[in-house]
Amino acid sequence: MDKGIEVIGFDADDTLWINETYYLETENEFCRLLAEYRDNSQEISSELYKTETANMALYGYGIKAFTLSLVETALKISNNRVPQAVIEKIINLGKAQLTKPLVLLDNVKNVLDHLSRDYRLIVVTKGDLLDQERKLRKSSLEKYFHHIEIMSDKKESDYRKLLKHLDIEPAQFMMVGNSLRSDIIPVLGIGGYAVYVPFHTTWEHETADENSITSSRFRKIEKISQVADVIDNA
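Reading guide: rules and limits
- Residues numbered from 1 in each chain as written.
- Predicted model: local features only at pLDDT ≥ 70, side-chain atom pairs only at ≥ 80, totals over all residues.
- Heavy atoms only, no water.
- Core = buried A, V, L, I, M, F, W, Y, C linked by side-chain atoms within 4.5 Å.
- Buried < 20%, exposed > 50% of the residue type's maximum accessible area, 1.4 Å probe, protein only.
- Helix = DSSP H or I, 4+ residues; strand = E, 2+ residues; numbered from the N terminus.
- Contact = heavy atoms within 4.5 Å.
- Salt bridge = Lys/Arg side-chain N within 4 Å of Asp/Glu carboxyl O.
- Pairing = 2+ DSSP bridges.
- Axes fitted to C-alpha atoms, helices over the stretch in contact; angles between N-to-C directions.
- Expected span 1.5 Å × (residues − 1).
- Arc of directions from axis to C-beta.
- pLDDT = per-residue confidence, 0-100.
- Phe/Tyr/Trp six-rings, centres within 6.5 Å; stacked < 30°, edge-to-face > 60°.
- Lys NZ or Arg CZ within 6 Å of the ring centre and 35° of its normal.

J.: Help me understand the nonpolar core, please; the structure alone is not making it clear to me.
T.: Ile8, Phe10, Leu16, Leu115 and Met174 are the most contacted members of the largest nonpolar core, which has 28 residues in total. Contributing elements (two or more residues each) for this core: strand E1 (7–10), helix H5 (108–115), strand E2 (120–126), strand E4 (173–177), strand E5 (193–196) and helix H9 (227–232). When residues no more than four places from it in sequence are discounted, the contact partners of Leu16 are Phe10, Asp11, Leu104, Leu105, Val108, Val123, Leu141, Phe145 and Ile224. With 19 residues, the next largest nonpolar core counts Leu33, Leu48, Leu70 and Val86 among its residues.

Laid out in structure tokens, this is it:
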């Protein structure tokens, strides 16, 4: 990695704290509620993903958008026959997910404490504004970050706008995250550095072919505690 890096951006969900695990728990319960309308849970999950994908342009990302897609999927696969009581249970699933405990991933605080001495650290995440702000407060990590950016999407244009706001060049920026599609590929595309920290489960929409990445500005690590080594041993 280049020694000219001044700002390090961290994704939040599944990079700093657990997130996708809760989505899977909600989805599994949703599939159980709708089991009578499809032969197996995979068919229900497939319909849900189609609905989520179609709704992204309208709803964006986050638990509230997810809950709306759950309700829409339930109506679709039941041909509008799903009972009102089940719809209420689905809505309550979404509300319950919004109150899940905030669980930091291992060594996150130590890593941020160490890096914040030499670099400007920022959060760069997608999702619902209110929910992400709530999670940041619960995390007690806000003190480490110079800036917090909650984006509607993470495309090259979004990162360019962010770096312009921070008044830095792409070569001075490094992004750390668990999503190849959102955290890694767009940053490499504009000339920044990117460190991939896989989480044990990733939403299908955030996946990409890792083998297609050939940039010398890309690194893959097993755990977030290795971020400092990536920089120091460049």
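J.: Where do I start with the pattern of salt bridges in this structure?
T.: Pairing is possible between side chains of opposite charge, provided their charged atoms come close. Under the definition given, this model contains 14 salt bridges. A salt bridge links Asp11 to Lys154, with the shortest nitrogen-to-oxygen separation between them at 2.9 Å. Of this pair, Asp11 sits in the loop between E1 and helix H1 (20–33) while Lys154 sits in the loop between strand E3 (147–151) and helix H7 (156–166), and the two are 143 residues apart along the sequence. Under the relative-accessibility criterion, Asp11 is labelled buried at 6%. Through salt bridges with shared partners, one network takes in Asp13, Asp131, Arg134 and Lys135.

J.: It is not clear to me how unusual backbone geometry should be interpreted in this structure. Could you clarify?
T.: Across the chain, the bulk of peptide bonds are trans and the bulk of non-glycine residues have phi less than zero. Here Asn79, not a glycine, exhibits a phi torsion of approximately 55 degrees, which is positive. If you trace the backbone, Asn79 turns up in the loop between helix H3 (63–77) and helix H4 (84–98). On the basis of relative accessibility, which here comes to 57%, the residue Asn79 falls in the exposed class.

J.: Would you take a moment to explain the sheet that holds strand E6 (residues 218–220) for this structure?
T.: With respect to topology, six strands assemble into an open sheet ordered E3-E2-E1-E4-E5-E6, the strand pairing being parallel. In the strand order of this sheet, the two ends are held by E3 and E6, each with one partner. Taken over all neighbouring pairs, the strand axes of this sheet differ in orientation by 20 degrees on average, direction set aside. Across three bridges, E5 lies against E6 in parallel orientation. Bridge pairing in E6 links Ala194 to Phe218.

J.: How should I be thinking about H4 in this particular structure?
T.: Because each turn of an α-helix spans 3.6 residues, side chains separated by three or four positions end up pointing in the same direction. Between its terminal C-alpha atoms H4 stretches 22 Å, which fits the 21 Å expected from 15 residues at 1.5 Å a residue. Here H4 has its buried residues at Val86, Ile87, Ile90, Leu93, Gly94 and Gln97. Summarising the axial view, the buried residues of H4 lie within an arc of 110 degrees, below the 170-degree limit, and thus occupy one face. Facing away from the buried side of H4 by over 90 degrees, the exposed positions are Gln84, Glu88 and Lys95.

J.: Help me understand helix H8 (residues 180–189) in this model?
T.: Counting buried positions along H8 yields seven of ten residues, so the element is predominantly enclosed. Three or more residues of H8 are buried, namely Leu180, Ser182, Asp183, Ile184, Pro186, Val187 and Leu188. Taken together, the buried residues of H8 touch E2, H7, E4, E5 and E6. The first or second residue beyond H8 is Gly191, which carries a positive phi of 100 degrees.

J.: So what exactly am I meant to see when it comes to the confidence of the model for the protein chain here?
T.: Residues shown with low pLDDT carry predicted positions that ought not to be read at fine detail. The pLDDT averaged across the protein chain works out to 93; a share of 98% of its residues lies at or above 70. Mean pLDDT in the protein chain bottoms out at H9, which sits at 85, and peaks at E1, which reaches 98.

J.: Looking at this model, I keep getting lost on the packing of aromatic side chains. Mind explaining?
T.: Remark: the centre distance and the inter-plane angle together describe each pair of aromatic rings, the angle taken between the planes. Under the definition given, this model contains one aromatic pair. The ring of Tyr61 is capped by Lys126, whose NZ or CZ atom sits 3.8 Å from the centre of that ring.

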